[in-house]
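# A closer look at the structure
Listed here are the chains, written in short residue letters.
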Amino acid sequence: MTLAAAAATAAHATTTTAAETHGFLSPTGVEIAFLLVGLVTLGAAVVTVTTRQLVHAALWLVVALGGLAVEYLLLTAEFIAWVQVLIYVGSVVVLLLFGLMLTRAPIGRSPDADSGNRWVALGVAVTAAAALVWVVVDAFRTTWIDLDGAPAGSTEVTGASLFQHWVLPFEALSVLLLAALVGAIVLSRKAKAERAAATAPTPGTPGPGPTRRETEGTR
Amino acid sequence: MNDVLDVALRLLVVFVVFLTFPLIVGQTEHKVMAHMQGRLGPMYAGGFHGWAQLVADGVKFAQKEDVVPAGADRRIFQLAPAVALLPYLLVLLAIPIGPGEGAVGQVIDAGVFFVLAVMGVGVLGSLMAGWASANKFSLLGGLRTAAQLLAYELPMLLTAASVAMAAGTVSLVGILDAFEWWWVPWQITGALVFFIAGLAELQRPPFDMPVADSEIIFGAYTEYTGLRFALFLLAEYAGIVVLCGLTTVLFLGGWHGPWGADGLGWVWTLLKAAVLAFVVIWLRVTYPRLREDQLQKFSWTLLVPLSLAQIALTGIVKVVISQP
Amino acid sequence: MTEPLPPKRPRIPGSGLAKGLAVTLRTMTKKSVTAQYPDTQPGLPPRTRGVIGLFEENCTVCMLCARECPDWCIYIDSHKETVPAAAPGGRERSRNVLDRFAIDFALCMYCGICIEVCPFDALFWSPEFEYAETDIRDLTHERDKLREWMWTVPAPPALDPGAEEPKEVAAARKTADKLAAAQAEPLEES
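Residues numbered from 1 in each chain as written. Chains lettered and ligands numbered in written order. Predicted model: local features only at pLDDT ≥ 70, side-chain atom pairs only at ≥ 80, totals over all residues. Heavy atoms only, no water.

### A word on the confidence of the model for chain C
All names here are of chain C. This prediction gives chain C a mean pLDDT of 85; 92% of its residues lie at or above 70. Within chain C, helix α5 (residues 167-189) has the poorest average pLDDT of any element, 83, and helix α3 (residues 113-117) the best, 91. What the predictor reports for the complex is a pTM of 0.75 with an ipTM of 0.79. (pLDDT = per-residue confidence, 0-100. Helix = DSSP H or I, 4+ residues; strand = E, 2+ residues; numbered from the N terminus.)

Here it is as structure tokens:
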């Protein structure tokens, strides 16, 4: 979100707010492409949550995320687009598929793929979407990106705005991610330690923590 | 009109490179591997030292029946080879082989991110193939592919980031413009890590657990026949071309060479990439396959720390040389 | 706890890997050992177990080979012929005449026992090996074919220098020596 917002702000700085030069009724080629890709993305997203084939859902998610990347490209935010592909398509979806394959990934429909909470989920989704659309529309209104001018979303511009105007959120996010990382390590080690303690034969033996440290030292 | 012609010509050249270079690498592998094992390799097809062996193989693959298993997820099964192959074609578009605008398919501003992102997408093809085949071995292969990608994407990214830091740009052309010869020793650790991680991502021996034939037949590609199987193989060799080209561009200075004017830069690029491709084959012949857990351990306990150390080194040197 | 062996030499990490690379590289620069068979015929040593040739004239239809063959792949048919007495008033002799001698090479396991047991040197190993057929029944080769192969049998390899004399030569020499001595004795006596 922060990255996208940063890009948007960067775009904001170099765009014209002159809505009068662009009519809604005479769209350019880029706008038509933007709209079409948007429709495809929306369709893929809807299929993702409605299909009953688990792996298909993950693959439709690829389409949706890829469509989003194309939208970024059309908005001249090249850097964000490639990062989107790298992180979401290249890693998150692979992780998702990995998890699916590791647990349960039947070919064909899963009749129990539906949850009883679907209507609640729909409500939450619609609310979230409405809020987001409202915020974005309210923030940008009739802002247009000048496609012929200097690229507003190039790596240089994005980097500059990220590390000048948005450096605090950026750092806060990295600390958050670091905390998540450390938390994951602590959780996994704790589970291991408990298992080791449960299998320890005598109470007189030292705790698993020091022992492991010792073994690591000798390794 | 001239622009259209220019674009068409570039695309055509990249496409031809995409179709021929993997075959050249494949043929080289046939021959080099054979001689490293004291054999001769293919000698008949085409007359002279079997140069047309892979063409003959292609004809053979095209003749074979395209079988889709009854229990498979038909559409995804058929789509997977294309997903595996196309990303490499796209990546090839962004690799500059010589100085100037004329020697690169398309100058991309965030080139490093582009190539790494799109290369990662190619793995999705293997995953789709592994899942959609309705075969346990394929599924295992897909799982191993995914695990391998997760482990090796990180060091690859980190080392590429190190080069980007050194050059102060993420554009491949920009990196080459900023290149100095002493970057090679400076970034050598990163280069090794990048190359090894790339090998693992391409599932080349000794990191070919996802297709380990003695364990899981042919991993995700077990159920494939004919042309679709050939596409997977082509993807592997296109991957070698891309990896060698990328390593050349990022770490070995691409078109820069001890001598050679501007006109001969592309020779240097091709030469360095060819040497790297030879190393890829050499490693394949020499080393046995790692075990799956060894592979993960190798990445997380050796490559990731090494790449982090490289980044630290890059940062320090960068700060030091920008002081005065 | 056993004492660890003292390290002979400080091991450089990765030296094993480098050694492996060196081995493959060295092999690449050497001449490859592939024999390009259909283009160049292999130089096979005498007594190579390629195929079994039959020297018909030596065969007495003793049937030893057919009986000793572990998988019964030798087929022999024969009949008896009476030979008129050599001297007038002598006895008629009967003689075995070979009608059929065939070896089924689909069954043959190239053990060479038939050649070993043949007391009259009628069977020989030939290095000839290109007799593949498209039908397994065609692998039963008759006497004329076996005879043709006889002509491909190479001369036995020369003896090693300083080797023991072959037995038959030694025996022949002994007889010759005895004969010579017997001829010489009466001369001395007279």
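Next comes the rest of the account.
### Topic: the side chain of Glu236 of chain B
All names here are of chain B. In this fold, Glu236 is placed in helix α10 (residues 226-251). Taking the relative accessible area as the measure of exposure, Glu236 reaches 18% and is therefore buried. Here the side chain of Glu236 touches Arg204 through a polar contact of 2.8 Å, side chain to side chain. Those residues in contact with Glu236 that lie beyond four places of it in its chain are Leu202 and Arg204. (Buried < 20%, exposed > 50% of the residue type's maximum accessible area, 1.4 Å probe, protein only. Polar contact = N/O pair within 3.5 Å; in protein donor to acceptor, adjacent residues only side chain to side chain. Contact = heavy atoms within 4.5 Å.)

### What about the sheet that holds strand β5 (residues 140-141) of chain C?
Residues and elements named next belong to chain C. The sheet built from three strands is open, its strands ordered β2-β3-β5 with antiparallel pairing. Strands at the two margins of the open sheet, each flanked by one partner only, are β2 (74-83) and β5. Bridge analysis of strand β3 (residues 93-104) against β5 gives two bridges, and the strand direction is antiparallel. Note that in β5 the partner of Ile103 across the bridge is His141. Running over the sheet, helix α4 (residues 143-150) touches β3 and β5 and is turned about 85° from β3. (Pairing = 2+ DSSP bridges. Axes fitted to C-alpha atoms, helices over the stretch in contact; angles between N-to-C directions.)

### Structural notes on the UniProt feature "binding site: [4Fe-4S] cluster 2" (unreviewed entry) in chain C
All names here are of chain C. The sites that UniProt annotates as "binding site: [4Fe-4S] cluster 2" (unreviewed entry) are Cys69, Cys108, Cys111 and Cys114. The annotated residues occupy 46 residues of the chain but converge on a single region, no pair of C-alpha atoms lying more than 10.5 Å apart. Tracing the sequence through the fold places Cys114 in helix α3. In this structure Cys114 touches Ile52, Cys65, Ile74 and Leu123, once residues within four positions along its chain are discounted. (UniProt positions renumbered as here; feature names shortened; annotations may be inferred.)

### Regarding the interface of chain C and chain B
Contacts between the two partners involve 14 residues from chain C and, on the opposite side, 15 residues from chain B. Per-residue buried area on chain C facing chain B is highest for Leu21, Thr24 and Met28 of chain C; these three make up 41% of the total on that side. Linking chain C with chain B are zero salt bridges, by the criterion used here. Across the chain C-chain B interface, the total number found is seven residue pairs in polar contact (both at pLDDT 80 or more). Here the side of chain C that touches chain B is built from residues that sort into seven nonpolar, six polar and one charged. (Buried area = accessible area lost by both parts, 1.4 Å probe. Salt bridge = Lys/Arg side-chain N within 4 Å of Asp/Glu carboxyl O. Nonpolar A, V, L, I, M, F, W, Y, C, P; charged D, E, K, R; others polar.)

### Comments concerning the packing of α10 of chain B against helix α11 (residues 265-286) of chain B
The packing of two helices is summarised by the inter-axis angle and the distance between the axes. Residue and element names in this part refer to chain B. Following both chains from N to C, one finds α10 and α11 inclined at 125°, their axes separated by 8 Å at the closest point. In terms of orientation, α10 and α11 fall into the oblique class. Two packed elements cross with a definite hand, and for α10 against α11 that hand is right-handed. In this structure, α10 uses Tyr237, Ile240, Cys244, Gly245, Thr247 and Thr248 to contact α11, whose residues at the interface are Thr269, Lys272, Ala273, Leu276, Ala277, Val280 and Arg284. When the residues that make up the contact of α10 with α11 are grouped by side-chain class, the tally is seven nonpolar, four polar and two charged. (Parallel < 35°, antiparallel > 145°, perpendicular 65-115°, else oblique. Left-handed = near helix turned anticlockwise from the far one by under 90°.)

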